[in-house]
Amino acid sequence: MGFLVVGTAGHVDHGKTVLVRALTGVDTDRLKEEKERGISIELGFAPLRLPNGQVAGLVDVPGHERFIRQMLAGAAGIDLVLLVVAADEGVRPQTREHLAIVDLLGVQAGIITLTKKDLVTPEWLELVAEEVREAVKGTVLAEAPMVAVSALTGEGLPELLDLLAEQAEKVIPRQPTGPARLPIDRVFSVRGFGTVVTGTLWSGSLRTDQTVVILPQELSTRLRQLQVHNRRVGEAYAGQRVACNLAGIEVGDVKRGSVVVSPGAFRATPRLDSELKLLSDAGRELRHGQRVRFYLGTAEVTGRVLLLDREELLPGETGLAQLVLEEPVVAARGDRFVLRSMSPLITLGGGWILDPYAPRHKRHRAEVVAALRAAGQALPQERVLGLLTRRRWGLPLDELALLAGLEAADAAAVVEDLAAQDLVVVLAYEGGQYVADRARVTRWEEEVDALLGEFHRQYPLRPGMPKEELRTRLFGRLPARAYSGLLEYWCGRGRVKDQGGYVARPDFTPSPSGAQSQTLEALLTAFREGRWQPPAPEEVFARLGVKPEEGHELLHYLVQQGELVRVGEGLYFSRQAVAEARERIADLIRTRGPVELAAVRDLLGSSRKYVLPLMEYFDQIHLTRRVGDKRVLYSDRA
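Residues numbered from 1 in each chain as written. Predicted model: local features only at pLDDT ≥ 70, side-chain atom pairs only at ≥ 80, totals over all residues. Heavy atoms only, no water.

1. With respect to the side chain of glutamate 445
Here is step 1 of the chain: Residue placement: glutamate 445 occurs in helix H11 (residues 438-458).
Here is step 2 of the chain: Looking at glutamate 445, its side chain comes within polar contact range of the side chain of arginine 495, at 3.4 Å.
Here is step 3 of the chain: In contact with glutamate 445, other than residues within four places in its own chain, are Arg438, Tyr489, Trp490 and Arg495. (Helix = DSSP H or I, 4+ residues; strand = E, 2+ residues; numbered from the N terminus. Polar contact = N/O pair within 3.5 Å; in protein donor to acceptor, adjacent residues only side chain to side chain. Contact = heavy atoms within 4.5 Å.)

2. A closer look at the sheet that holds strand E33 (residues 624-627)
Here is step 1 of the chain: Overall, antiparallel pairing links the three strands, which are arranged E32-E34-E33 in an open sheet. Since the sheet does not close on itself, it has two edges, and those belong to strand E32 (595-596) and E33, each with one partner.
Here is step 2 of the chain: Bridge analysis of E32 against strand E34 (residues 630-633) gives two bridges, and the strand direction is antiparallel. Paired with valine 595 across the bridge in E34 is arginine 631.
Here is step 3 of the chain: The sheet contacts of helix H17 (residues 575-592) involve E32, E33 and E34, and relative to E34 the element is tilted by about 95°. (Pairing = 2+ DSSP bridges. Axes fitted to C-alpha atoms, helices over the stretch in contact; angles between N-to-C directions.)

3. Quick word on the pattern of salt bridges
Here is step 1 of the chain: Tallying each qualifying case throughout the model produces 36 salt bridges.
Here is step 2 of the chain: Between lysine 255 and glutamate 327 there is a salt bridge, and its shortest N-O distance comes to 3.7 Å. Residue lysine 255 is located in the loop between strand E14 (241-246) and strand E15 (259-261), and its partner glutamate 327 is located in strand E21 (residues 318-329); the two are separated by 72 residues in the primary sequence.
Here is step 3 of the chain: When its relative accessible area of 46% is taken as the criterion, lysine 255 is described as partly exposed. (Salt bridge = Lys/Arg side-chain N within 4 Å of Asp/Glu carboxyl O. Buried < 20%, exposed > 50% of the residue type's maximum accessible area, 1.4 Å probe, protein only.)

4. Some remarks on the packing of aromatic side chains
How two aromatic rings sit relative to each other is set out by the distance from centre to centre and by the angle between their planes.
Here is step 1 of the chain: Counted according to the given criterion, the structure contains 10 aromatic pairs.
Here is step 2 of the chain: Geometrically, the ring pair formed by tryptophan 393 and tryptophan 444 is stacked, given 5.6 Å between the ring centres and 20° between the ring planes. With a gap of 51 residues between them, tryptophan 393 in the loop between helix H8 (380-390) and strand E24 (395-396) and tryptophan 444 in helix H11 connect regions that are remote in the sequence.
Here is step 3 of the chain: Measuring from centroid to centroid gives 4.9 Å for phenylalanine 455 and tyrosine 459, while their planes differ by 50°, and the two rings are tilted. In this structure, phenylalanine 455 and tyrosine 459 share a single accessibility class: buried.
Here is step 4 of the chain: The residue whose ring lies beneath arginine 267 is tyrosine 357, and the NZ or CZ to ring-centre distance is 4.1 Å. (Phe/Tyr/Trp six-rings, centres within 6.5 Å; stacked < 30°, edge-to-face > 60°. Lys NZ or Arg CZ within 6 Å of the ring centre and 35° of its normal.)

5. Thoughts on the packing of H17 against helix H18 (residues 597-604)
Here is step 1 of the chain: The geometry of H17 relative to H18 is characterised by a closest axis approach of 11 Å and an angle of 130° between their N-to-C directions. The angle between the axes of H17 and H18 places the two elements in the oblique class. As H17 packs across H18, the resulting crossing turns out to be right-handed. Note on element contacts: H18 touches H17 through Ala599, Val600, Leu603 and Leu604, opposite Ala581, Arg584, Ile585, Leu588 and Arg592.
Here is step 2 of the chain: In the contact of H17 with H18, the residues fall into seven nonpolar, no polar and two charged. (Parallel < 35°, antiparallel > 145°, perpendicular 65-115°, else oblique. Left-handed = near helix turned anticlockwise from the far one by under 90°. Nonpolar A, V, L, I, M, F, W, Y, C, P; charged D, E, K, R; others polar.)

6. Describing the nonpolar core
Here is step 1 of the chain: Formed by 56 residues in total, the largest nonpolar core has its most connected members in Leu114, Phe294 and Val305.
Here is step 2 of the chain: Excluding residues within four positions of it along the chain, leucine 114 makes contact with Val85, Leu125, Val128, Ala129, Val132, Met146, Val147, Ala148 and Val149. (Core = buried A, V, L, I, M, F, W, Y, C linked by side-chain atoms within 4.5 Å.)

7. Side note on the packing of H8 against helix H9 (residues 397-404)
Here is step 1 of the chain: Axis separation between H8 and H9 bottoms out at 10 Å; the angle between their running directions is 115°. Taken together, H8 and H9 sit at an angle that is classed as roughly perpendicular. Relative to H9, the crossing made by H8 is right-handed. Residues Arg383, Val384, Leu387 and Leu388 of H8 form the contact with H9, whose participating residues are Leu400, Leu403 and Ala404.
Here is step 2 of the chain: When the residues that make up the contact of H8 with H9 are grouped by side-chain class, the tally is six nonpolar, no polar and one charged.

8. Looking at unusual backbone geometry
Here is step 1 of the chain: Proline 216 follows leucine 215 through a cis peptide bond whose omega is 5°.
Here is step 2 of the chain: Within the secondary structure, proline 216 sits in the loop between strand E10 (211-215) and strand E11 (219-228).
Here is step 3 of the chain: Across the junction of serine 343 and proline 344, the peptide omega takes the value -5°, indicating a cis bond.
Here is step 4 of the chain: Position of proline 344 among the secondary structure elements: in the loop between strand E22 (336-341) and strand E23 (347-355).
Here is step 5 of the chain: In this structure, histidine 229 is a non-glycine residue whose phi angle is positive, near 55°.
Here is step 6 of the chain: Position of histidine 229 relative to the elements: it lies in the loop between E11 and strand E12 (231-233).

9. Points about the sheet that holds strand E28 (residues 497-498)
Here is step 1 of the chain: Taken together, the three strands give an open sheet; going across it, the order is E27-E29-E28, and neighbouring strands pair in antiparallel fashion. Taken across any chain shown, the strands that pair with only one partner, and hence form the sheet edges, are strand E27 (465-466) and E28.
Here is step 2 of the chain: Sheet topology places E28 next to strand E29 (residues 502-504); two bridges connect them, and they run antiparallel. Looking at E29, one finds that aspartate 498 is bridged to valine 503.

10. Structural notes on the pairing of strand E30 (residues 564-568)
Here is step 1 of the chain: In terms of residue burial, E30 counts as a mostly covered element, since four of its five residues are buried.
Here is step 2 of the chain: Pairing between E30 and strand E31 (residues 571-574): four bridges, direction antiparallel. The residue of E31 that forms the bridge with valine 565 is phenylalanine 573.

11. As for the environment of aspartate 410
Here is step 1 of the chain: Within the secondary structure layout, aspartate 410 lies in helix H10 (residues 408-420).
Here is step 2 of the chain: By relative accessible area, aspartate 410 is classed as partly exposed at 42%.
Here is step 3 of the chain: Aspartate 410 sits 30 residues away from proline 380 along the chain, and the two C-alpha atoms are 8.8 Å apart.

12. Re the environment of aspartate 355
Here is step 1 of the chain: Topologically, aspartate 355 is positioned in strand E23.
Here is step 2 of the chain: Residue aspartate 355 is classed as buried on the basis of its relative accessible area, which comes to 0%.
Here is step 3 of the chain: Residues aspartate 355 and leucine 397 lie 42 residues apart in sequence; the distance between their C-alpha atoms is 16 Å.
Here is step 4 of the chain: When neighbours within four sequence positions are excluded, aspartate 355 is seen to be in contact with Arg271, Leu272, Asp273, Leu387, Arg390, Arg391 and Leu403.
Here is step 5 of the chain: Engagement of the side chain of aspartate 355 in a polar contact is seen with the backbone nitrogen of tyrosine 357, the distance being 3.0 Å.

Structure (C-alpha cells):
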C-alpha cells in the first residue's frame, strides 16, 4: 500500500475546509485572519485515515481567486483530488479554474464531492450534478465518481471515505527509490529546534541526519529531525507529507518554492523545453516571447515563452515551447507545470517538461521540432539517443539519467545496451562515466585525424600536438575528465598515440630530414663544447645560417630526445654537462657540507649567469634544496 496525498479543489466558500474538518477532525484554518474572514488563505494540512487503514495526507487549498498561487502550491503534490462544489451554488469561476489546473497537472484520480446537501432539494441536487458533469467533460475527472455529502449532518461521509479508499487503489505510488525531491510549501521556526520546512516528498526517501541540498539557493544542510503527520520518524518516503528540521539554516534562507534534494541529483535551471497546451477558454492567443507566470511544484517565477514551431498558440492548441525563466527552478523530465498571465491573473494553460536543462534553440528548425516531439513519446532507449543527439558534447551518465527521467540503474542498463549496439560510446573516468553519441564520436575522430595530420606536417620534429592545445582547439566545451576519457578510449583502439603530454597519429614518429640531421649534429656539438657556459641559441643559429623559427624547432627536438636540457628561458645545457655537474656538485656537498653559489661557480669554472639557473633547476628536480644562501642535498632532510 503506497503513500498518498489527497487535495481539495473548488470555489471559495464551497465547504472545503468544513469537509476536511468533518473527515479528519482537524481545523486547517490556523491563521487569525482566516478565522475572522471565514475563508482559507494559506494551505492547510491534516492526516486522513481511510477505511482500509491507509493514512493519507490531506491538503486543503484556498478557493478565492486572489489565492490561486497558494492553491497551485498545494495542488502540485497531490495524487488524488476532491473537487468540491457546493450544491446550493453549483459550478462557479474558481470551480472551473481549479478544474483546469487539476487537469493540467495530470492528477491521477479524483472524486467529485457535492457539499451542503442538506441545503437543497433532491431535484436541485440532480440539476447541479448534471451541471458538474458537463463541466468536467474532457478532463481527468470526466469519469470520476460523484457523491453528495453534508459535513454538518455527516450524511454521505462514509460513502465518500469508501470512494477515497477505492480511488486510492488506482493511484500509482511515487517512487521511494532514486534521489529525494521535496518542494517546500511552508517555512517556519520552532523554538528550541530552529527552521522547519514542509512539503510533499515527490521521489526517493529522507533519513534523519542525512545531508541534503536546498535549491536553487545551493545550501547544504543536515536533517536534524523528520515528522510525518506530526509523528517523529527516522525515515520518510515518497508520497508522504514531511516536516524537516534543518540544521544551520535560518528561516530567511529558504522560501516556498525552494526544493530539498539529494546532493548532486538535481540542479536549478532557468531554461526548459516543454510541450505546452493553451486552454480552450484562455480568451486570447499566446504570443512568441510573451511574459508569463510559471508554476512548477511550489515555485512561482516569471519568464518568457519562446514558441519553437509557430508565432502564436491559439486557444485549445498544443505546441512546443522553450521557457526562459527569470529565476532558476528545479525540474525533471515529465514534470507538469501551469502558466498564468501577468495581468489580469488568469490561468492560460500548462504542459509538461521535455528537457529540464535545455540548450538554446534556433526557432522553426525541423530537426529541433522533430527531436522534441519524439522526446515526448519516446521509449527509454529513444529518449537517451535523442538527448545525446541534441547534446553535441554528450552527458555524464548521472545527468543523462535525470534528463531522460530514468532511475540511475535503469539508465546504466539502457546505455550498456546501446553501447553493445555501437550506438553510443561510454567514456570511463574516476568517479563516473560520460556518454556520447557514436556518430558524433566518429566525426570527432575524423576532425582529430585531420588536425593532427596538419600539425605533423607543420612540426615534423615534435612528438605530437600538446593535449591541452588539442582540447582548446576542438573540445573546449567537453569536460576535462571526459576529454581524458576520450583520449584513453582512442588510444585503446589505436586511433591516436599518447606521447606523455602530447597526442600523435598512431603511425607518426618524429624524423628529421638529412639536412636537418646535419644541423642537429652541429647544434648539439656547439652546446657540448660550451659545456657549463653554453652559447645563446640565436648565436648558434646565426653561425649555422639557420632561421630562428626552424632553429627553435630543432632545439625542441633535441630536448625531447634528451640530448639537451632546458634549464631556463633561452638557456640549454647538453645532457653530458648536466650529468657531470650533478655528480660534481653532489660530491662537493657530501665532502664540504652546505655550499654557496660561488663554490659551485668555481667548481664548474663557469659564471653566476649560468650557475644560478642550473642550481635552480637542480632544486626543482630535488637534487638540492636551498637553505639561506647555501645548498644542501635534498635527501639530507632535517
